[in-house]
Amino acid sequence: MGNAKVLELHGLTKHFGGVRAVDGVDLTVASGEILGLIGPNGSGKSTIVNLICGLFPLTAGRVLFGGADISELPPHTRVALGITRTFQNIRLFGQLTVWQNLWVAQNSGEQRKQNFLPRWLGGSKGARAEIDRMLEFFDLGHKRDELAGNLAFGEQRRLEFARALAARPALLLLDEPAAGMNAEEIEQLDSRIRKMRQNGVTVLLIEHHMELVMSVADRIAVLNFGQKIAEGTASAVQSNPVVRDAYLGTTTGA
Amino acid sequence: MDDYLIGVLSNIGVISFIALSAYVLLLTGEISFGQQAFFAIGAYAAGIATALWGWPLAAAIVWGAAIGAGSAILVGVPTLRLHGLYFAIATLAFAEMVRILFELLRYQVLIDGEWVGPNGADGFRNIRYIFENDISSLQFMILIYAVLVATLSMFLLLERSRLGVIFRMIGEDETLAGLQGISVARHKVLAAGIGGALAGIGGGLYAHLTTYIEPRSFDVMLGVHSLAYGLIGGLGTAFGPLLGVLIDIGLLEAIRALAGYRMIIFGGLVAILLIIRPRGLLDEKLVHKIGRMWRLILPRGGRVKLGPSGEKI
Amino acid sequence: MMTTSWRFAVIMMLAFMLFHPQTVLAQVRAKAEVDCQPAAEKLQYDCIIKLTNSRTNEQLAGFDLMVGADMPSMPAMHNVRPVKADEDQEKGTYKARIVLEMYGDWALHLDLIGPVRDRVVKVLRFERDRVGEPTSAQTPAHQRH
C-alpha cells in the first residue's frame, strides 16, 4: 500500500455539446487517502465521479486505476476491479429487499465465485455472513427483509453506503453523502468514513457540507467551471484567495 | 373428465409457457412482441422431429426448446442493444419475418403414402404422434402440466436465486445495475435465451396437442396476448402470468355471453389494469407482503424472527 | 443456479423418456370430407362429414366422432365445446351441429374415438350465410397432379 497511487486522472475532459463540464483535470488519489472534492454547483464534481465509474465516454484524457488505464472499460468491469460509488440523489432498487440490494452488489471476482453456487450446494456462505456484518455496521439489521423503497430517508442513505461497500471496493466515490442529513447523522457518517479508511478503503468525497469535508479529508481539491483551481490541506484551501473568489462569486479579492 | 374441460385445461397449460416466456423478458424490463416467433419455431421444430424424423416426443420437445433458445439468443445479441420501444419494434419485425418464412417453408416427406410436413401457408398437418402412440387427451394434458409444474418449480428457484434478483434489478434500473458490477447485456441475452426455450417448449407441446399448425397462428395477436398475461397477472412472481392466462382463457371463456366480444373486453381489462396497477395484480409489493406473512407464520430455522414492527422477538 | 436447473432438466427428461411409449404404425389413417351449411341460428352450422380410410379408401363407420374447433388466428384461445357427431344411415357419414364464437377461419378438429384414435383437421371459412375455403388455402403443388 504505502503511498501508491490508487487513482490518477490525466487531463480528464468531458464536453456536453458546447458545455465544458470537465476541462483538463489532473488529480491523484493515494492509497488510503481521503480526498475531498469541492466546488460550487455546476463545477463538474459529479461529472468527474460519473467519468471515473464509466457512465459516459471521455472527450479526452485518461483514467488510471492502480496504474492501469481503465478509460475504455464498461462500468461493471470497473466495479469488479474495485471502484464503487454512492449517488447524490439516492438510487436504490426499491423493489428489492434491503438484503437483496446488498447481495446483488457483491460483485468482486471472489464474491462472484462464492455466490455462483446455490445455498444448498454450500455457496455464498461467506458472502451471506458479510452482508450480516454490513447490516449490523450500518444499523439496518432490523430492516433486512424490508423493501428498500419503503425505508426512511436516513436508512436509504445508509443502505446506499453499505451497498457501495458490498463489493469490497479499493476506491469509494461518495457523491454528497451528507445531503439531507441532520447533525447527528453527519457525525455518524464522519465516523463511518474514517472507519472505512482504517479498513484500507481509499475515498473520494464530494461534499457541500464544508464542516464534514474539512474534518474528514486529508487533502482537498477545488473545482470551478470544470477546472481544478486549488489543491492542498484543509487550511491551505480555506485561505486560498482563488477559492474564496469562486465561492463568493467575486473576481477581485474582496 | 369431460373432453371440453380437458381441451380448455390443455390450452391453458400450453399458453402458460409463452406467457412465462414473455414474463422472463418483462422481468429484465424489456417488452418483446416477438415471443410467438420462438413458439412457432419450437412448434415446427418439434413437429418436424416427430412427424418427419420419427423422434420420440421428449427428444422433440427438448429439440424445440433448444432451437427456440438458440434463435432467441441469436436475435437477442443485436436487438437487446436497443431499448424500450425500439426493442419492441425489432422483436415484432423479427417475428413477422419468421412467420413469413414459415409461409414459404415447404419440406415434405412421403410417409406411408402421404405427404407430411410443413406446406407453406397451408400449414403443417398430421403431427400425429399422440394418435400413433395412443396417448389419450387426458394423458397429454397430464404431460403438459407435468412439464409446466417442473418449469414453475425452476422459476420459483430462479426467483430466489441471485440470477433472478439480478434480472429484477436490471428491470428496475439497468444503468444502476451496471454500476453495481452487473453485466447487463450478458444477463439480458441469458433472459432472452430462457424465454426462447420456454416458448419453444410451449410450441412443441402445442403442435402435438392440435396436430396441426399453420404460420398465421403465430402472428402478433399471440405475442400481444403473451405479454398481456404477465402485465395483468403481475410481475411479482411467476404465478402472475399464469393468473393472466387463467383470467383470459378460464374466466372470460367461461362467461359464454361474452363470446364474440371477449377480445374487446380483454383489451379493456388490460388497459384498465395498466392504469390502476401498472405491475399487474400480483405485483412485487403484494408478493413481498405475502412472503412476509408467510415467514411470520413459519419462521425458518436460524433466521431472526421479526415482530410486526420489525423488532427482534 | 445453473446446477439446480440442470438437475431438474435431467430428471425431467428421464421421467419423460420413461413413460414415452413406442411408436406403432397406424392401420387406419382417416380422411374426411366436410360440408357445412349455416343453420337457422346465428353462428350455428350443420356439418356433414364423410370419413374414409385413406389407406384402403373404405368408409369408416362405427366411430365416435367428436367435432371441436380452434381459431388458427388465435391459437388455443377460443375453446369451442366439442360436439358428438351422429352417425348417419349412409356408411361413413356423420352429422354434427357446431356452435362457433365468431365468424372467420376455424380449424375443425375431427376426433375419431373407436378401435383406433385419430384426428383430422379441416380449415374452413365460416361466414354469416356461407361456408367456404379459408383465406390462406392453396392446393399444394405436389397434390395437384
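Bear in mind that the values here come from a model prediction, so they are computed numbers and not experimental data.

A. Inspection of the overall build of chain B at higher detail. The secondary structure content of chain B amounts to 13 helices and three strands. With 313 residues in all, chain B has 59% of them scored as buried. Counted over contacts in chain B with a minimum sequence separation of 6, partners at least 24 positions apart contribute 72%. For chain B, the computed accessible surface area is about 12,000 Å², with 72% contributed by carbon and sulfur atoms.

B. Summary view of the pairing of strand β4 (residues 83-87) of chain C. Residue and element names in this part refer to chain C. As paired elements, strand β3 (residues 64-70) and β4 share three bridges and run antiparallel to each other. Residue pairing across strands places L65 opposite A85, the latter belonging to β4. Two elements, β4 and strand β5 (residues 93-99), share two bridges in a ladder whose sense is antiparallel. Its bridge partner being in β5, E87 is matched across the sheet by Y94. Here β4 folds back onto β5, and the loop between the two strands holds five residues, one of which, G92, carries a positive phi near 80 degrees.

C. Just the sheet that holds strand β2 (residues 44-53) of chain C, in detail. All names here are of chain C. Within the open sheet, the eight strands sit side by side as β1-β2-β5-β4-β3-β6-β7-β8. Their pairing is antiparallel. The sheet terminates laterally at β1 (30-38) and β8 (131-132), the two strands that pair on one side only. Bridge count between β3 and strand β6 (residues 104-113): seven bridges; the pairing is antiparallel. Bridge pairing in β6 places L65 opposite L112.

D. Broad picture of the confidence of the model for chain B. Averaged over every residue, the pLDDT of chain B is 88; the share at 70 or more is 93%. Here residues 301-313 of chain B is modelled with pLDDT under 50, and outside its nearest four sequence neighbours on either side it reaches 15 contacts, counting other chains as well.

E. Region of interest: the environment of V242(A). Secondary-structure assignment places V242(A) in helix α10 (residues 241-248). In sequence terms V242(A) and I229(A) are 13 residues apart; their C-alpha atoms lie 7.1 Å from each other.

F. Representation of the sheet that holds strand β4 (residues 60-65) of chain A within the structure. Residues and elements named next belong to chain A. Strands sit in the order β2-β1-β4-β5 across an open sheet of four strands; the sheet is antiparallel. Edge positions in the open sheet fall to β2 (19-30) and β5 (68-69), since each of these has one partner strand only. Relative to β4, strand β1 (residues 5-16) runs antiparallel, the two being bridged by five bridges. When the bridges of β4 are listed, L7 appears paired with F65. Across the sheet, helix α1 (residues 45-52) lies against β1, β2 and β4, angled at about 115 degrees from β1, the strand it touches most.

G. Layout of the interface of chain A and chain B. Counting residues at the interface gives 30 residues for chain A and 27 residues for chain B. Summed over both partners, the interface of chain A with chain B comes to about 2,700 Å²; 57% of that surface belongs to carbon and sulfur atoms. Remark: the boundary between chain A and chain B carries two salt bridges. For R91(A), the salt bridge identified is with D173(B), shortest N-O distance 3.0 Å. Counting every contact that joins chain A to chain B gives 11 residue pairs in polar contact (both at pLDDT 80 or more). When contributions to the side of chain A that touches chain B are tallied by element, the ones reaching two or more residues are α2 (75-81), α3 (98-103) and α4 (109-116) of chain A.

What counts and what doesn't
Residues numbered from 1 in each chain as written. Chains lettered and ligands numbered in written order. Predicted model: local features only at pLDDT ≥ 70, side-chain atom pairs only at ≥ 80, totals over all residues. Heavy atoms only, no water. Helix = DSSP H or I, 4+ residues; strand = E, 2+ residues; numbered from the N terminus. Buried < 20%, exposed > 50% of the residue type's maximum accessible area, 1.4 Å probe, protein only. Contact = heavy atoms within 4.5 Å. Areas by Shrake-Rupley, 256 points an atom, 1.4 Å probe, with all protein chains shown as cover. Pairing = 2+ DSSP bridges. pLDDT = per-residue confidence, 0-100. Axes fitted to C-alpha atoms, helices over the stretch in contact; angles between N-to-C directions. Buried area = accessible area lost by both parts, 1.4 Å probe. Salt bridge = Lys/Arg side-chain N within 4 Å of Asp/Glu carboxyl O. Polar contact = N/O pair within 3.5 Å; in protein donor to acceptor, adjacent residues only side chain to side chain.

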